[in-house]
Amino acid sequence: MLHIYENEQLALVRESARQFAIDFIKPYVMDWDERQYFPLELFKKLGEYGFMGVLVPEQYHGSGLGYQEYITILDEISQVCGSIGLSVAAHNSLCTNHILSFANEAQKEKYLPKLATAEWLGAWGLTETGSGSDAGGLSTTAVREGDYYIINGSKTFITHAISGDVAVVMVRTGAKGDKKGVTAFIIEKGTPGFSSGKKLDKLGMRASETASLFFDNCKVHQDQVIGNEGDGFVQALKLLDGGRISIAALSLGIARGAYLSALRYANEREQFNQKIYDFQAVGFSIADLATKIEASELLVRQAGQLKNEGKKVTKESAMAKLYASEVAVEVANESVQIHGGYGFTKDYPAEKFFRDAKLCTIGEGTSAIQKMVIAREIRKDA
Ligand SMILES: Cc1cc2nc3c(=O)[nH]c(=O)nc-3n(C[C@H](O)[C@H](O)[C@H](O)COP(=O)(O)OP(=O)(O)OC[C@H]3O[C@@H](n4cnc5c(N)ncnc54)[C@H](O)[C@@H]3O)c2cc1C
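Under an unreviewed UniProt entry, the protein has the name Acyl-CoA dehydrogenase and belongs to Sphingobacterium griseoflavum.

Here it is as structure tokens:
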């Protein structure tokens, strides 16, 4: 935890999120992971604590907090379970924040109170089987018919595709390659022609639900368009600037959880009649991990600070996400190593951090894509 950013408010939020994770998540983590069970009931409780509408103003029944509090909540939850951290991040940063940032007043009043209290769970669909990193190449189409749009196609890898009550989806309304050719729609569960697929069987983040969305002549009223027709791709890119802060915070929490487990273990385990921490190889390794986690937190907090100030964070959020996610993978890997053979078993949390961490270098833009974004942004300063 970085003391330069901590204040009384953050300390209270930290304590509340930490206690929540200990009471309502920790006892069930391995069961949910093994059964790949998505604990929908837990998200209702997260809603009661204000963790599902962190950035939503109080007028829409949200917590009205800023990015530093949001980072802290994700950090604490992800130290205990990355899957729950990922779902909290997707609900807050993607679906809810898309509506908060770009929807009209009527749409905000209709959807934000339900999302912020977790009465409804949100999903957000950009990725398709043929377009992941190249998100602008999406081919799900919407064709206008009077006051309605007819949507056909599918989305893949969508968090909460099955349990989500409402989804914000990016759909083609213009030519491929045209930045103004994509439109964002709000689509409610139960809309005829809108359905979801089978839950994906994943390496990690197994308690976070991931599946496809299908659109088969799905008829959606024009009132469900967010902003204007053609605004969807630019909205998505802007949204991901903030979304990447949440994946960076998720990475930070996973790294810290894996590190704390290694630290504890190294101070308990004895070989050659001494604590393994006292072997310089182990002590130095843990020193490296601690240093990299603090560096991650500085980058994440910096991006959060700039976002709170309403500044553009394209470069800073990409840097935070790139660094923190790669550090999470490194720390989780080293944590398994420090646990030795026990780290390879399900008796210790190290193996789960190891599996969950990998998503962080992939979701909301792979590390290669973060480097493309950073390279493009820093060239502007040259
Ligand atoms: C658990 C999980 C949850 C997700 N949740 C959501 C969600 O809620 N909503 C949503 O819309 N999406 C979601 N995604 C999708 C995720 O954002 C994509 O998987 C990610 O953007 C990568 O796309 P892809 O899988 O198609 O990989 P690809 O784009 O096919 O990439 C494959 C490889 O090629 C590399 N590559 C691609 N282009 C370039 C390039 N130009 N230069 C160098 N290397 C390149 C990549 O770095 C990667 O290593 C989720 C994914 C997962 C696994």
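From this point on, the discussion continues.
(A) Structural context of the overall build of the protein. Secondary structure assignment for the protein yields 11 helices and 10 strands. In terms of C-alpha radius of gyration, the protein reaches 21 Å, essentially the compact-globule figure of 21 Å for 382 residues. Principal axes of the C-alpha set define a box for the protein whose edges measure 80 × 50 × 40 Å. For the protein, the computed accessible surface area is about 16,300 Å², with 53% contributed by carbon and sulfur atoms. Side-chain charges in the protein split into 42 positive and 47 negative, and the spacing between the mean points of these groups amounts to 4 Å.

(B) Region of the structure containing unusual backbone geometry. With a phi angle near 50°, Gln36 is a residue other than glycine that sits in the positive phi range. Structurally, Gln36 can be placed in the loop between α2 (29-35) and α3 (40-48).

(C) Broad picture of the domain arrangement of the protein. Under the domain assignment, the protein is made up of domain 1 (8-116), domain 2 (122-233) and domain 3 (240-379). Spacing between the C-alpha centres of domain 1 and domain 2 amounts to 22 Å. On the domain 2 side, the residues contacting the 24 residues of domain 1 number 26 residues. Across the domain 1/domain 2 interface, buried area totals approximately 2,200 Å², and carbon plus sulfur atoms make up 59% of it. Of all residues in domain 1, Gln36, Phe38 and His98 give up the largest surface area on contact with domain 2, accounting jointly for 30% of the area buried on that side. Between domain 1 and domain 2 we count 1 salt bridge in total. Notably, a salt bridge pairs Lys110 with Glu188, separated by 3.2 Å at the nearest N-O pair. Looking at the side of domain 1 that touches domain 2, the element that brings in the most residues is helix α5 (residues 82-102), giving 11 residues.

(D) View of the nonpolar core. By size, the foremost hydrophobic cluster in this structure holds 38 residues, and its most contacted members are Ile25, Phe43, Leu46, Ile84, Val88 and Val300. If you list the elements that add at least two residues to this core, you get α1 (8-25), α2, α3, α4 (67-80), α5, α7 (232-268), α8 (280-308) and α9 (314-338). Per element, the largest residue contribution to this core is 7 residues, and it comes from α4. Both domains that meet at this core, namely domain 1 (8-116) and domain 3 (240-379), each give it at least three residues. Sequence-distant contacts of Ile84, defined by excluding residues within four places in its chain, comprise Ile25, Trp32, Pro39, Leu42, Phe43, Leu46 and Ile77. If you look at the next biggest cluster of nonpolar residues, it comprises 28 residues, including Tyr60, Val166, Val168 and Phe233.

(E) Main features of the packing of α7 against α8. Closest axis-to-axis distance for the α7/α8 pair is 10 Å, and the angle between their directions is 155°. Comparing their axes, α8 and α7 come out roughly antiparallel. Note that α7 runs across α8; the crossing there is left-handed. From α7, Gly242, Ile245, Ala248, Ala249, Leu252, Ala255, Arg256, Tyr259, Ala262, Leu263 and Ala266 reach across to α8, where they touch Val282, Ile286, Leu289, Ala290, Ile293, Ser296, Glu297, Val300, Ala303, Gly304 and Lys307. Here the residues of the contact of α7 with α8 are counted per class, giving 16 nonpolar, 3 polar and 3 charged.

(F) Structural view of the side chain of Ser335. Position of Ser335 relative to the elements: it lies in helix α9. With near-sequence residues (within four places) excluded, Ser335 lies in contact with Ala258, Ala262 and Ala350.

(G) View of the layout of surface pockets. Here the second largest pocket defines a volume of roughly 590 Å³. Around the second largest pocket, the lining comprises 25 residues; the ones closest to its centre are Lys26, Gln79, Arg264, Pro349 and Phe353. At the level of secondary structure, the elements contributing two or more residues to the lining of the second largest pocket comprise α1, α2, α4, α7 and α10 (350-357). Here the lining of the second largest pocket is composed, by residue class, of 11 nonpolar, 5 polar and 9 charged. Residue contributions to the lining of the second largest pocket reach at least three from each of two domains, namely domain 1 (8-116) and domain 3 (240-379).

(H) Structural detail: the UniProt feature "domain: Acyl-CoA dehydrogenase/oxidase C-terminal" (unreviewed entry) in the protein. Residues annotated by UniProt as "domain: Acyl-CoA dehydrogenase/oxidase C-terminal" (unreviewed entry) correspond here to residues 230-378. Across residues 230-378 one finds 74% helix and 3% strand; the C-alpha atoms that close the span lie 28 Å apart.

(I) Up close: the pairing of strand β7 (residues 210-221). Pairing of strand β3 (residues 148-159) with β7, which is carried by 9 bridges, proceeds in the antiparallel orientation. Bridge assignment links Ile151 to a residue of β7, and that residue is Cys218. Bridge analysis of strand β6 (residues 194-196) against β7 gives 3 bridges, and the strand direction is antiparallel. Within the sheet, the bridge partner assigned to Phe194 lies in β7 and is Phe215.

Calculation notes
Residues numbered from 1 in each chain as written. Predicted model: local features only at pLDDT ≥ 70, side-chain atom pairs only at ≥ 80, totals over all residues. Heavy atoms only, no water. Helix = DSSP H or I, 4+ residues; strand = E, 2+ residues; numbered from the N terminus. Rg over C-alpha atoms; globule rule 2.2 N^0.38 Å. Areas by Shrake-Rupley, 256 points an atom, 1.4 Å probe, with all protein chains shown as cover. Lys, Arg positive; Asp, Glu negative; His and termini not counted. Charge placed at Lys NZ, Arg CZ, Asp CG, Glu CD. Domains from an automatic or database assignment. Contact = heavy atoms within 4.5 Å. Buried area = accessible area lost by both parts, 1.4 Å probe. Salt bridge = Lys/Arg side-chain N within 4 Å of Asp/Glu carboxyl O. Core = buried A, V, L, I, M, F, W, Y, C linked by side-chain atoms within 4.5 Å. Buried < 20%, exposed > 50% of the residue type's maximum accessible area, 1.4 Å probe, protein only. Axes fitted to C-alpha atoms, helices over the stretch in contact; angles between N-to-C directions. Parallel < 35°, antiparallel > 145°, perpendicular 65-115°, else oblique. Left-handed = near helix turned anticlockwise from the far one by under 90°. Nonpolar A, V, L, I, M, F, W, Y, C, P; charged D, E, K, R; others polar. 1 Å grid on protein atoms, 1.4 Å probe; cavity = no way out; pocket = protein on both sides within 12 Å on 5 of 7 lines; lining within 4 Å. Points joined across faces, edges and corners; volume = space filled by probe spheres on them. UniProt positions renumbered as here; feature names shortened; annotations may be inferred. Pairing = 2+ DSSP bridges.

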